[in-house]
Amino acid sequence: MERTIPVDPILEKGYNVRLLVDDFDGLISRWSDRSEKFRQNVDSSLNCQYGDGEKDKLDIFRCGEANAPLFIFIHGGYWQRGDKSVYSFVAESFINSGIDVALIGYQLCPVASMTNIVEKIQEAIIWIWHNAENYSISKNRINVSGHSAGGHITGMILATDWQQISSDLPTDLVKTGIPISGLYQLEPLRKTTIADALGLDDVESMALSPHFFEPITTAPILVTLGGAETPEFHWQTDQFVEKWKLHDISLDYHAEPDVDHFGVVERLASKDSQIFKKISDWLL
């Protein structure tokens, strides 16, 4: 889509956070290596096909305890980069604490639209609910989380009416929601180069902004981010918390001290971090 909205340099710097990392490719390489090593020594089911698309696959990591909570993690990358395999390392702290983990992969923009991506994550969660017993995980303890773009998708999941998709699905399919460093209003992104691959117009930008929705759930929600993130990410989170607090739900907020947009992911993978302890206590 040809750009019709000028790039705002302040918003560009605030949202295009990988440019603030000295060696972003090196960071992703380290995460990938750590994830590969983790996958070699864990009870897992990899690349489970939940949909028709090439990337419609998810990984399940089991802790070995019956009826454990399930932590679903949706990776970031501004809906246009990344792969679930990079983030397997996040599961290690959870597995070692008696929590099962599922990492969902999805087709990226511009091959898929953002609307397609949200629908695919919904499809993946429904697949998990239907197939949980076959993979020795609990269908009744599904908790959804995601980082950055995955935080945005988590917000969309919390605004999903499951019965509208299928009458056999429970309204409380998702027991808790934990968006991490999410993007809840998409309009500001249209003033950055990030939007070039997304193809957002006025209608889709509003239709995919969870800030403006109501939670279709009574699930407790824990909204988190890194304390040292850019003002734009703090604005996104603060606005979302303020708006969703108006609804009759249990909502809490946590800023992980002294870490930026990517450091918060590494803290998530540490059993000793505040954010891990907060999230693991939050899971139902």
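It should be noted that the structure appears before, not after, this text.
What comes next concerns the included structure. (Residues numbered from 1 in each chain as written. Predicted model: local features only at pLDDT ≥ 70, side-chain atom pairs only at ≥ 80, totals over all residues. Heavy atoms only, no water.)

## Digging into unusual backbone geometry
Put simply, the rule reads: For helices the rule is a DSSP run of H or I covering at least 4 residues; for strands it is a run of E covering at least 2, with both sets numbered from the N terminus onward.
Residue Pro 110 is reached from Cys 109 by a cis peptide bond, and omega for that bond is 5 degrees. Its place among the elements puts Pro 110 in the loop between β4 (100–104) and α4 (114–131). Even without being glycine, Asp 258 reaches a positive phi, approximately 70 degrees.

## Concerning the packing of α4 against helix α5 (residues 149–158)
The criterion, for reference: Structural elements are reduced to axes, namely lines fitted to C-alpha atoms, with helices fitted over the stretch in contact, and the angle between N-to-C directions of any two is expressed from 0 to 180 degrees. Angular relationships are summarised with four words: roughly parallel below 35 degrees, roughly antiparallel beyond 145, roughly perpendicular across 65 to 115, and oblique for the angles in between. A crossing counts as left-handed when the near helix is turned anticlockwise from the far one by less than a right angle, and as right-handed when that turn is clockwise. In this analysis, two residues are considered to be in contact whenever any of their non-hydrogen atoms come within 4.5 Å of each other. Side-chain classes follow a simple rule in which Ala, Val, Leu, Ile, Met, Phe, Trp, Tyr, Cys and Pro form the nonpolar group, Asp, Glu, Lys and Arg form the charged group, and the remainder, Gly included, forms the polar group.
For the pair α4 and α5, interaxial distance at closest approach is 10 Å and the crossing angle is 65 degrees. Looking at the two axes, α4 sits roughly perpendicular to α5. α4 and α5 meet at a crossing whose hand is right-handed. Here Met 114, Ile 117, Val 118, Ile 121, Gln 122 and Ile 125 of α4 come into contact with α5, specifically with His 152, Ile 153, Met 156 and Ile 157. Each residue belonging to the contact of α4 with α5 can be placed in one class, and the counts come to 8 nonpolar, 2 polar and no charged.

## What about the pairing of strand β8 (residues 251–256)?
Formally: By definition, two strands form a pair when at least two bridges between them are found by DSSP. For the handedness criterion, the strands are oriented away from the viewer, and a crossover whose path from the first strand over the helix to the second runs clockwise is classed as right-handed.
The pairing of strand β7 (residues 221–226) with β8 spans 6 bridges and is parallel. Of the residues in β8, the one forming a bridge with Leu 225 is Ala 255. As for the winding sense of the linkage, the β-α-β connection from β7 through helix α8 (residues 231–244) to β8 is right-handed.

## Here's the deal with the side chain of His 147
Residue placement: His 147 occurs in strand β5 (residues 142–147). Discounting residues that sit within four places of it in the chain, His 147 has contacts with Phe 73, Ile 74, His 75, Gly 76, Ile 180, Ser 181, His 261, Val 264 and Val 265.

## A word on the nonpolar core
Among soluble globular proteins, nonpolar side chains are generally buried collectively. Let me state the cut-off plainly: Here, nonpolar core refers to any group of buried Ala, Val, Leu, Ile, Met, Phe, Trp, Tyr and Cys residues whose side-chain atoms link them within 4.5 Å. Accessible area is worked out with a 1.4 Å probe on protein chains only. A residue is then buried under 20% of its type maximum, exposed over 50%, and partly exposed in between.
Formed by 82 residues in total, the largest nonpolar core has its most connected members in Ile 72, Trp 79, Phe 94 and Ile 279. Per-element accounting of this core gives the leading share, 10 residues, to α4. Apart from residues lying up to four places away in sequence, Trp 79 is in contact with Leu 108, Cys 109, Met 114, Ile 117, Ala 149, His 152, Ile 153, Leu 183, Leu 186, Leu 189 and Leu 198. Core analysis: the second largest hydrophobic core is formed by 9 residues, Ile 221, Phe 240, Val 241 and Leu 251 among them.

## Digging into helix α10 (residues 274–282)
Spelled out, the test is: This arc is taken over the directions from the axis of the helix to the C-beta atoms.
Those residues of α10 that fall on the buried side of the exposure criterion are Ile 275, Phe 276, Ile 279 and Trp 282. Looking straight down α10, one finds that the buried residues subtend no more than 130 degrees of arc, so they occupy a single side. In this structure, the buried residues of α10 make contact with β3 (70–74), α3 (91–95), β6 (176–180), β7, β8 and α9 (263–268).

## Description of the packing of aromatic side chains
Our working definition: Each aromatic pair joins two rings of Phe, Tyr and Trp (for Trp, the six-membered one) with centres within 6.5 Å, and gets the label stacked for planes under 30 degrees apart, edge-to-face for over 60, and tilted for any other angle. Note on criteria: charge over ring means Lys NZ or Arg CZ within 6 Å of the ring centre, with the direction from the centre no more than 35 degrees off the ring normal.
As enumerated under the stated definition, the model contains 13 aromatic pairs in all. Between the aromatic rings of Phe 38 and Phe 61, the centroid separation amounts to 5.3 Å while the plane-to-plane angle is 55 degrees, which identifies the pairing as tilted. In this pair, Phe 38 is assigned in helix α2 (residues 24–39) and Phe 61 in strand β2 (residues 57–62), connecting sequence segments 23 residues apart. Looking at Phe 38, the relative accessible area reads 8%, which means it is buried. Aromatic pair Trp 127 and Tyr 135: ring centres 5.3 Å apart, planes at 50 degrees, arrangement tilted. Classification of Trp 127 as buried rests on a relative accessible area of 15%. Looking at Tyr 135, the relative accessible area reads 23%, which means it is partly exposed. Put simply, the rings of Trp 31, Phe 71, Phe 73, Tyr 87, Phe 89, Phe 94 and Phe 276 touch in pairs and so form one group of aromatic residues. Above the plane of the ring of Trp 129 lies Lys 139, whose end atom (NZ or CZ) is 3.8 Å from the centre.

## Concerning the pairing of β4
Taking burial as the measure, the 5 residues of β4 include 5 buried ones, the bulk of the element. Residues Asp 100, Ala 102 and Ile 104 of β4 are buried on one face, and the alternating residues Val 101 and Leu 103, pointing to the opposite face, are buried as well. Where β3 meets β4, 5 bridges bridge the pair, whose relative direction is parallel. The partner of Phe 73 across the bridge, within β4, is Leu 103.

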